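This is what each chain is made of:
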Amino acid sequence: MNAQSIQCFLAVTRHHSFTKAANELFMTQPAVSSQIAKLEHECHTKLFIRNYHQVELSPAGKRLKPFFRQLNQDFTNFNQALQDYHNSKQPQKIKIGLYFSDALAEILQQIDKFNALNPNIQVVVNNYVDILHELEQGSIDIGLEMIIPNQKLNFQPQILDEFSILRGDAYLHGHTGPLSLSSLQDATLFVLHSEGNTGGMKKIRDQILGASFTGPAVEFNSMDSLLANLKITDAFALIPFAVLPSDLTGIQTVPIKDPRVPATFKVGWGYQPDALTHSPNRQAIQQFLDYFHKIPLLNLQKF
């Protein structure tokens, strides 16, 4: 008894036809008939009743059908376990996408520790403009990104972050404490071009601003350029703490005043839903996620 003969039995059962079963299995009809004959010989009984128009299960075939289904699943599980075992002996590589900043130093340190504990797994870390897009395209295995509703991806929370308002000292006029977004309706909004058109940062920022904000927006290619212009312009930016540089001379970060605004959000490891079942690196991906699952949620809230 082998896996192929059992697969032939189940295919004939589904289609009530040797020819249709052969088409499904990419075999010839005589080859399927031969496998069924061998199976019936091993079982010492007829498994099918051959009628003129179709093939039906015999009483013995009906009784043995659930056992053949279980055997087929056992063969599948065995082959998967065997493949996973051989894969575990081979070096694996996973591609990680994230945005680099001083606030993520702890994440990078933990990745280094993971590498030290798992020398058979090579972790390649790169910075990407739009991590959500890279994940959906399969360019990376795992990406650290703001968690937003997304049916195409799964997320494992890792960081608690918060948007804050950035404003030049000269345009705060001595104001201290939180600012309401309504007070900035006439100011220009500065945004980073690297947020991308579908990135999590842009989506959450748009949720915070809401449809009521109609002020002009200016894009900048770099954080340095945005901050330099923020010092000399009646403008503001909404930036997560995780991407802020440590030196903000001439610029203040202040909390958002409106308690209804969801300024706090989670950042997590995003991955394809089938990454843990069909990816050739599924074991390495699972080990990486399991490692970071044991690490408490990193809180980057500034206020």
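Residues numbered from 1 in each chain as written. Predicted model: local features only at pLDDT ≥ 70, side-chain atom pairs only at ≥ 80, totals over all residues. Heavy atoms only, no water.

Some thoughts on the overall build of the protein
Then step 1. Each helix and strand in the protein was counted, giving nine helices and 12 strands.
Then step 2. The C-alpha atoms of the protein give a radius of gyration of 29 Å, which is well past the 19 Å a tight globule of 303 residues would have.
Then step 3. The dimensions of the protein, computed from C-alpha atoms along their principal axes, are 95 × 45 × 30 Å.
Then step 4. Relative to its 303 residues, the protein shows a buried fraction of 44%.
Then step 5. Within the protein, counting contacts between residues at least 6 apart in sequence, those at least 24 apart form 75% of the total.
Then step 6. If you sum the accessible surface of the protein, you get close to 16400 Å²; carbon and sulfur atoms cover 52% of it.
Then step 7. The positive charge centre, built from 25 side chains, and the negative charge centre, built from 27, are 13 Å apart in the protein. (Helix = DSSP H or I, 4+ residues; strand = E, 2+ residues; numbered from the N terminus. Rg over C-alpha atoms; globule rule 2.2 N^0.38 Å. Buried < 20%, exposed > 50% of the residue type's maximum accessible area, 1.4 Å probe, protein only. Contact = heavy atoms within 4.5 Å. Areas by Shrake-Rupley, 256 points an atom, 1.4 Å probe, with all protein chains shown as cover. Lys, Arg positive; Asp, Glu negative; His and termini not counted. Charge placed at Lys NZ, Arg CZ, Asp CG, Glu CD.)

So, unusual backbone geometry
Then step 1. In this model, H16 sits at a positive phi of 55 degrees, which is unusual for a non-glycine residue.
Then step 2. Structurally, the position occupied by H16 is in the loop between α1 (3-15) and α2 (18-25).
Then step 3. The exposure class of H16 is partly exposed, given its relative accessible area of 31%.

Looking at the layout of surface pockets
Then step 1. Here the second largest pocket defines a volume of roughly 170 Å³.
Then step 2. Grouping the amino acids of the lining of the second largest pocket by side-chain chemistry returns four nonpolar, five polar and four charged. (1 Å grid on protein atoms, 1.4 Å probe; cavity = no way out; pocket = protein on both sides within 12 Å on 5 of 7 lines; lining within 4 Å. Points joined across faces, edges and corners; volume = space filled by probe spheres on them. Nonpolar A, V, L, I, M, F, W, Y, C, P; charged D, E, K, R; others polar.)

Description of the pairing of strand β7 (residues 188-192)
Residues in a regular strand point their side chains to alternate faces of the sheet.
Then step 1. The buried fraction of β7 amounts to five of the five residues, a majority that puts the element mostly inside the structure.
Then step 2. Here β7 shows a buried face lined by T188, F190 and L192 and a second buried face lined by L189 and V191.
Then step 3. In this structure, β7 lies alongside strand β9 (residues 235-240), joined through three bridges in parallel fashion. The residue bridging F190 from the neighbouring strand is A237, located in β9. (Pairing = 2+ DSSP bridges.)

What to know about the environment of D186
Then step 1. Along the chain, D186 falls in the loop between β6 (154-168) and β7.
Then step 2. A relative accessible area of 77% places D186 in the exposed class.
Then step 3. Put simply, D186 and G215 are 29 residues apart on the chain and 5.9 Å apart in space, counted from C-alpha to C-alpha.

Notes on a nonpolar patch on the surface
Then step 1. On the surface, F78, L82 and Y85 cluster together to form a nonpolar patch covering roughly 320 Å² of accessible area.
Then step 2. With respect to the helices, strands and loops of the structure, F78 is situated in helix α4 (residues 59-88).
Then step 3. By relative accessible area, which is 52% here, F78 ends up exposed. (Patch = residues over 30% accessible without salt bridge, like charges linked within 9 Å, V, L, I, M, F, W, Y side chains within 5 Å. Salt bridge = Lys/Arg side-chain N within 4 Å of Asp/Glu carboxyl O.)

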